[in-house]
Amino acid sequence: MRYLLLFFLLFSTAPHLSAEEPTDERLEWFRQAKLGIFIHWGIYAVDGIDESWAFFNKYISYEDYMRQLDGFTAEQYDPKAWAHLIANSGARYAVLTTKHHDGVALWHTKLSDLNVVEKTPAGRDLVAPFVKALRKEKLKVGLYYSHLDWSHPDYDVFIRGQYRYRDDPVRWERFLRFHRGQLEELVSQFKPDLLWFDGDWEHSAEEWGAASLSDTLRAWHPPVLLNSRINGYGDYATPEHNAPIVPPEGAWELCMTMNDSWGYQDNDHNYKTPYQLIRIFADVIGGGGNLLLDIGPRADGTIPSEQVDILEEMGRWTHKHSEAIYGTGAGLPSGHFYGPTTLSADRQTLYLFVPHTSDKPIVVRGLKNHVNRIRIVGNGTKIKGQILGKQYWSSVPGILYINVPPGEADETMTVIALQLKGEVDLHR
Ligand code: GLC
């Protein structure tokens, strides 16, 4: 009995808690990064169809899907230009799909011939030169890797309500060895700053061995961050497509497409406007998160001009407003200002992201601090505020009205800095 108890104490792990809590130090660069660029690049760009899901959902047969291997040329692939474009957008990291659910590896894996070196006209490792180019631009390196692999003969896929193989532990062990082996290749060859997992949902944390896997990855490369798609054993949450109204606790990152597709799709021109994306970005950083904005290069490695234009506008805007973005933290709780806000690290500068242009003033309520100065970020213009409703006998602050001169407004989104006397102090 005593031994049984000892066994439980030693080997039971509370669900969703990693054995070693992430230290803030490891997450520091991530918290400060604010913007990352996601890249979905794979053979699905050849026909411009859904990445992996096109055959899983039976929109196309597996054989026809795999025929795209023959058209994946990467002949115009310019990893330096990609990294440069990403750095200029204001992003501080990038995440490249090294292997999506279809199982096609973008690096030269030794564990399967289903890789772009052996099976496509690209004929070379596409991950290595990109990792090098990112590092040259001082960008952090994120590698996307799908746990599930719908091409691997040993993978126990869950389809039409049931598993392909039931109770075949030998097969599953074989698959896990392959899975661990590929991850070992990625970690040892590229020393990623971030492993961006996906596709954990068909198996439980126990089946994936998620607890020991996350420990192993951190043992191989201690600084590596893991997103949460490892059955919850990672470092940060990854909401998708829409910013959560109530920001998650701890570090988080919203991943989002520019149009309606992760990968390149020739007929998808439903792009969000720069204003819409910058507004989403402001909402995200105002809630203390990062935005991982996706691009989908073509099969030849060129990036569609709509995507380049968006990245360039993000770059103009993030450079102009960098003080309100990098080094800041989540802003005010809702109700004080009708728009996103961030706070400087010393909490003495409040940044207001003004979502509209208007000849009417913007309003800040419940701010107890004296405001030393109000200025427009990125152009130095000082503006005056007006405080209404302040009673000398009451500690309740007045309402601060600020007129943003229309001529000084940013063409996409204006940011106002309020230099406060002391750390921000709110009346709720
Ligand atoms: C989902 C999809 C996948 C996409 C990913 C990006 O998990 O299955 O296709 O790559 O989201 O976050």
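Quick note: structure is the one above.
Structure report, in brief. Fair warning: this is a prediction, and the values are worked out from it, not measured in the lab.

Moving on: the pairing of strand E1 (residues 35-39). Counting buried positions over the 5 residues of E1 gives 5, a clear majority of the element. The side-chain alternation of E1 yields two buried faces, one formed by Leu35, Ile37 and Ile39 and the other by Gly36 and Phe38. Sheet topology places E1 next to strand E9 (residues 290-295); 5 bridges connect them, and they run parallel. Following the sheet pairing, Ile39 is matched in E9 by Ile295.

A few words on the environment of Gln68. Within the secondary structure layout, Gln68 lies in the loop between helix H5 (62-66) and helix H6 (79-88). Gln68 sits in the buried class, given a relative accessible area of 1%. Taking C-alpha positions, Gln68 is 9.7 Å from Gly48, a pair spaced 20 residues apart along the chain. Residue contacts for Gln68: discarding those within four places in its chain leaves Ile43, Tyr44, Val46, Asp47, Gly48 and Ile49. Among the polar contacts made by the side chain of Gln68, one reaches the main-chain carbonyl oxygen of Tyr65 at a distance of 3.0 Å.

Let us look at the packing of aromatic side chains. Two aromatic rings are characterised by how far apart their centres lie and by the angle between their planes. In this structure the tally under the stated criterion is 31 aromatic pairs. Measuring from centroid to centroid gives 6.0 Å for Phe38 and Tyr144, while their planes differ by 50°, and the two rings are tilted. In this pair, Phe38 sits in strand E1 while Tyr144 sits in strand E3 (residues 140-146), placing the two residues 106 residues apart along the sequence. There is no split in this pair, since Phe38 and Tyr144 are both buried. In textbook terms, an aromatic cluster arises when at least three aromatic residues are bridged by ring pairs, as seen for Trp53, Phe55, Phe56, Tyr62, Tyr65, Trp150 and Trp201. Sitting above the plane of the Tyr165 ring, Arg171 keeps its charged end 4.0 Å from the centroid.

This part covers unusual backbone geometry. Located in the positive-phi region is Ala74, a residue other than glycine, with phi close to 55°. Among the secondary structure elements, Ala74 is positioned in the loop between H5 and H6. At Lys138, a position not held by glycine, the phi torsion is positive, near 60°. Residue class for Lys138 comes out exposed when judged on its relative accessible area of 74%.

Our next topic: empty space enclosed by the protein. Across all of its chains, the model carries 2 cavities of 30 Å³ or more by this definition. Roughly 40 Å³ of volume is contained in the largest cavity. Surrounding the largest cavity, Trp41, Gly42, Ile43, Tyr44, Thr97, Lys99, His100, Asp102, Val104 and Leu106 form its lining. For the lining of the largest cavity, the class distribution of residues is 5 nonpolar, 3 polar and 2 charged. In this model, the second largest cavity occupies a volume close to 30 Å³.

What follows deals with the pattern of salt bridges. Scanning the model with the defined rule gives 17 salt bridges in all. Asp154 is the partner of Arg174 in a salt bridge, and the nearest nitrogen-oxygen pair spans 2.9 Å. Linking Arg174 in helix H9 (residues 169-190) with Asp154 in the loop between E3 and strand E4 (158-159), this pair joins segments that are 20 residues apart in sequence. Under the relative-accessibility criterion, Arg174 is labelled partly exposed at 39%. Residue Asp154 is classed as buried on the basis of its relative accessible area of 9%. Here Arg375 ties to Glu323 by a salt bridge, and the two come within 3.1 Å at their closest N and O atoms. Separated by 52 residues along the polypeptide, Arg375 in strand E14 (residues 371-376) and Glu323 in helix H14 (residues 322-325) bring together distant segments of the chain. Through salt bridges with shared partners, one network takes in Glu313, Arg316, Lys320, Asp410 and Glu411.

Now for the site of the ligand. The environment of the ligand is formed by 14 residues, the closest being His40, Glu51, Trp53, His100 and Asp198. Between the ligand and His101, the relevant distance is 3.1 Å, taken from an oxygen atom to a side-chain nitrogen or oxygen of the residue. Alone, the ligand offers 310 Å² of accessible surface; in the complex the protein occludes 93% of this. In the shell around the ligand, the residues fall into 7 nonpolar, 3 polar and 4 charged.

Below, the discussion takes up the sheet that holds strand E13 (residues 362-364). What the 3 strands build is an open sheet, ordered E13-E17-E16; its pairing is antiparallel. Taken across any chain shown, the strands that pair with only one partner, and hence form the sheet edges, are E13 and strand E16 (385-388). Neighbour to neighbour, the strand axes of the sheet diverge by 25° on average, direction disregarded. In the sheet, E13 pairs with strand E17 (residues 399-402) via 3 bridges, with the strands oriented antiparallel.

Rules behind the numbers
Residues numbered from 1 in each chain as written. Predicted model: local features only at pLDDT ≥ 70, side-chain atom pairs only at ≥ 80, totals over all residues. Heavy atoms only, no water. Buried < 20%, exposed > 50% of the residue type's maximum accessible area, 1.4 Å probe, protein only. Helix = DSSP H or I, 4+ residues; strand = E, 2+ residues; numbered from the N terminus. Pairing = 2+ DSSP bridges. Contact = heavy atoms within 4.5 Å. Polar contact = N/O pair within 3.5 Å; in protein donor to acceptor, adjacent residues only side chain to side chain. Phe/Tyr/Trp six-rings, centres within 6.5 Å; stacked < 30°, edge-to-face > 60°. Lys NZ or Arg CZ within 6 Å of the ring centre and 35° of its normal. 1 Å grid on protein atoms, 1.4 Å probe; cavity = no way out; pocket = protein on both sides within 12 Å on 5 of 7 lines; lining within 4 Å. Points joined across faces, edges and corners; volume = space filled by probe spheres on them. Nonpolar A, V, L, I, M, F, W, Y, C, P; charged D, E, K, R; others polar. Salt bridge = Lys/Arg side-chain N within 4 Å of Asp/Glu carboxyl O. Near = heavy atom within 4 Å. Areas by Shrake-Rupley, 256 points an atom, 1.4 Å probe, with all protein chains shown as cover. Axes fitted to C-alpha atoms, helices over the stretch in contact; angles between N-to-C directions.

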